[in-house]
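# Structural features, examined
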Amino acid sequence: HSHMASGDTVVAGAIRYAVVVKGDVNKDGKVNPADYVLLKRHVMGTFRIEGIALQSALLSGGKTVRTMDYVLLKRHVMGLTVL
């Protein structure tokens, strides 16, 4: 794919960095309704987001996923705000 996705790796010299794309919860390089659904399920407790995907879901600046992260992603997917 041509977009950077959460979980991709970037190498700079001898250091390898993991890419975290805000809102790219399913790690496909796009922020869209599929990400919103996963985050909603995580907030509802029916799905668990972990690792890089969890880092991508932290949109409101916290260290754990909160309802505000879900709201921010929902507003972005609806075209009301930009992440």
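For the structure, check the block above.
Parameters and conventions
- Residues numbered from 1 in each chain as written.
- Predicted model: local features only at pLDDT ≥ 70, side-chain atom pairs only at ≥ 80, totals over all residues.
- Heavy atoms only, no water.
- Helix = DSSP H or I, 4+ residues; strand = E, 2+ residues; numbered from the N terminus.
- Buried < 20%, exposed > 50% of the residue type's maximum accessible area, 1.4 Å probe, protein only.
- Contact = heavy atoms within 4.5 Å.
- Axes fitted to C-alpha atoms, helices over the stretch in contact; angles between N-to-C directions.
- Parallel < 35°, antiparallel > 145°, perpendicular 65-115°, else oblique.
- Left-handed = near helix turned anticlockwise from the far one by under 90°.
- Nonpolar A, V, L, I, M, F, W, Y, C, P; charged D, E, K, R; others polar.
- Core = buried A, V, L, I, M, F, W, Y, C linked by side-chain atoms within 4.5 Å.
- Expected span 1.5 Å × (residues − 1).

Let us look at the environment of S56. Along the chain, the position of S56 falls in helix α2 (residues 51–57). Overall, the relative accessible area of 1% leaves S56 in the buried class. In this view, S56 contacts S6, V20, V21, K22, G23, D24 and V25; residues no more than four positions away in its chain are not counted.

Our next topic: the packing of helix α1 (residues 33–44) against helix α3 (residues 67–77). Where α1 meets α3, the closest approach of the two axes is 9 Å, and the angle between their N-to-C directions is 160°. The orientation of α1 relative to α3 falls into the category roughly antiparallel. Two packed elements cross with a definite hand, and for α1 against α3 that hand is left-handed. Together, P33, D35, Y36, L39, K40 and V43 of α1 and T67, D69, Y70, L73, K74 and V77 of α3 make up the contact between the two elements. Looking at the contact of α1 with α3, its residues break down into seven nonpolar, one polar and four charged.

Our focus in this paragraph is unusual backbone geometry. Residue K27 is not a glycine yet carries a positive backbone phi of 60°. Since its relative accessible area comes to 44%, K27 is described here as partly exposed.

As a further point, take the nonpolar core. With twelve residues, the main nonpolar core is built from V25, Y36, L38, L39, I49, A53, A57, L58, L59, V65, Y70 and L73. If you list the elements that add at least two residues to this core, you get α1, α2 and α3. Looking at this core, the element that brings in the most residues is α1, giving three residues.

Let us now look at α1. Between its first and last C-alpha atoms α1 spans 16 Å; for twelve residues at 1.5 Å apiece the expected length is 16 Å, and the two agree. Looking at the packing, one finds that the buried side of α1 touches α2 and α3. Looking at the residues trailing α1, positive phi occurs at G45, about 85°.

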